[in-house]
Each structure stands twice: as structure tokens, then as C-alpha cells.
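Read off the chains here:
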Amino acid sequence: MEGGAYGAGKAGGAFDPHTLVRQPHTILRVVSWVFSIVVFGSIVNEGYLNNNSEGEKFCIYNRNPNACSYGVAVGVLAFLTCLLYLALDVYFPQISSVKDRKKAVLSDIGVSAFWAFLWFVGFCFLANQWQVSKPKDNPMNEGTDAARAAITFSFFSIFTWSLTAALAVRRFKDLTFQEEYSTLFPASAQP
């Protein structure tokens, strides 16, 4: 059997950007990356308002600075996490040890599931704070589109990170099969 897509049989080959870009987990990571940019960009640009009678800015989400801080923090950290795992996707074909590949995929499963949870919390928190916001705090409806965009893309991020975790589980199963096959049939595992 020729080495599988996730086994050590493909390790050490030349980097192929076309293959990397066509992989579903890479596409989902890029989409998650864009969603995180939209969330933290919307909140940073238009998530804070200032009132003429008050000298300082306040968060558009029910004047709760924790809502804006959470949205920005999760967005920025998800942005950095996406970059980190995109780099791992680029480096992944160079990893020759099946055990190291399994560790990388297990970390992908855990991190993706954790981020899906954080986005779920963020969506619920932002949506709740937006729902209880008082119209008198923002009579001109400034920044409402950005606030809604942050909530919407937080919701979409739940699904992109969940799908990334599901694809990582499938990738882990493929790695486990490759390792077991190599153990049972060592002579035929060589290309």
C-alpha cells in the first residue's frame, strides 16, 4: 500500500501550495481567520461610542466594557490561532513520525473544539448584551451594523471551528489506521 495522505509515506515531499489550498481544513481555517478579523475589527472600529455629556467612550453592547473586551480578545486570539495552525498545515507534510503527526492532530482537535466553545460563549454574551441595550444610549444608531456583524460572525465562527474539529477527528482516524496498517504489514507499507 502506498503511504496515505496523512501517514508518514508522504513525509519529506516537496511543498505543494495548490494541494494545501484545496484541503477542506485549510479552507475552513482561512474562513475562520476572516471571521475573526470581522469580529474584532467591527468592535474596535465602531464598538465604542462617546456621549457629548460624558467625556469617555462606552461599549455599544449595553455599556458593558466586558462585552467589547471579550469580543476583541477572542477575535484577536482566534486570528493568531488560525495563523499558527495554518503554519502547522504547511509544516504537517514534513513531519515523518506518525506519533508526532497524531500529537499535532490531537492538538488541532482540542484547540478547535475549545474555540468553538469560546465563540459560542461570545455569541451568547454579545447577543444578550445587544438585546438589553437601551435605545437612549445610542439615539443615532451609530455602529449598530458593526455590532450586528460582530454577533453574526461570532455565530458563524461556531460552525467553522466545529467543522475544523470534526475534520481533525477524521484526520486522526486516518492516521490511526495508517499506523495500525504499518504495524501489521511492515513490508507492504514501504513505497
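Since we're looking at a predicted model, the values are computed, not measured.

(A) Quick peek at helix H2 (residues 24–46). Here H2 contains 23 residues, and its C-alpha end-to-end distance of 33 Å stays within 8% of the 33 Å for a straight helix at 1.5 Å per residue. Of the positions making up H2, those classed as buried are His 25, Thr 26, Leu 28, Arg 29, Ser 32, Phe 35, Ser 36, Val 39, Gly 41, Ser 42 and Ile 43.

(B) Up close: the nonpolar core. Residues Ile 43, Tyr 61, Trp 115, Trp 119, Leu 126 and Trp 161 are the most contacted members of the largest nonpolar core, which totals 22 residues. Counting residues per element, the ones that place at least two in this core are H2, strand E2 (57–59), helix H3 (65–91), helix H4 (98–131) and helix H5 (144–184). When near neighbours in sequence (up to four residues on either side) are disregarded, Ile 43 contacts Tyr 48, Tyr 61, Cys 68, Gly 71, Val 72, Leu 126 and Ala 150. Phe 92, Val 98, Ala 168 and Leu 175 belong to the second-largest nonpolar core, a separate cluster that totals eight residues.

(C) Just the environment of Pro 17, in detail. Within the secondary structure, Pro 17 is located in helix H1 (residues 17–22). Taking relative accessible area as the criterion, Pro 17 reaches 44% and is therefore assigned partly exposed. Spatially, the C-alpha atom of Pro 17 lies 8.3 Å from that of Val 90, the residues being 73 residues apart in sequence.

(D) Region of the structure containing the packing of H2 against H4. Interaxial distance between H2 and H4 falls to 13 Å at its minimum, and their mutual angle equals 30°. The crossing of H2 and H4 is left-handed. Residue-level contacts link Arg 29, Ser 36, Val 39 and Ile 43 of H2 to Asp 108, Ser 112, Trp 119 and Leu 126 of H4. For the contact of H2 with H4, the residue count by class is four nonpolar, two polar and two charged.

(E) How the structure looks around unusual backbone geometry. Despite not being glycine, Asn 62 has its phi angle at roughly 55°, a positive value. Mapped onto the elements, Asn 62 comes out in the loop between E2 and H3. A positive phi angle is found at Arg 63, which is not glycine, with a value near 55°.

(F) Representation of the pattern of salt bridges in the model. Within this structure, the stated rule accounts for four salt bridges. In this structure, Asp 89 and Arg 29 form a salt bridge, with 2.7 Å as the shortest nitrogen-oxygen distance. Residue Asp 89 is located in helix H3, and its partner Arg 29 is located in helix H2; the two are separated by 60 residues in the primary sequence. Comparing Asp 89 with Arg 29, the two get one shared label, buried. Of the charged contacts, one joins Asp 145 and Arg 148 as a salt bridge, the two residues approaching to 4.0 Å between their closest N and O atoms. A residue pair is termed a helical-turn pair when its members lie 3 or 4 positions apart in one helix, as Asp 145 and Arg 148 do in helix H5 at three residues. Residue classification places Arg 148 among the partly exposed residues on the basis of a relative accessible area of 44%.

Rules used throughout
Residues numbered from 1 in each chain as written. Predicted model: local features only at pLDDT ≥ 70, side-chain atom pairs only at ≥ 80, totals over all residues. Heavy atoms only, no water. Helix = DSSP H or I, 4+ residues; strand = E, 2+ residues; numbered from the N terminus. Expected span 1.5 Å × (residues − 1). Buried < 20%, exposed > 50% of the residue type's maximum accessible area, 1.4 Å probe, protein only. Core = buried A, V, L, I, M, F, W, Y, C linked by side-chain atoms within 4.5 Å. Contact = heavy atoms within 4.5 Å. Axes fitted to C-alpha atoms, helices over the stretch in contact; angles between N-to-C directions. Left-handed = near helix turned anticlockwise from the far one by under 90°. Nonpolar A, V, L, I, M, F, W, Y, C, P; charged D, E, K, R; others polar. Salt bridge = Lys/Arg side-chain N within 4 Å of Asp/Glu carboxyl O.

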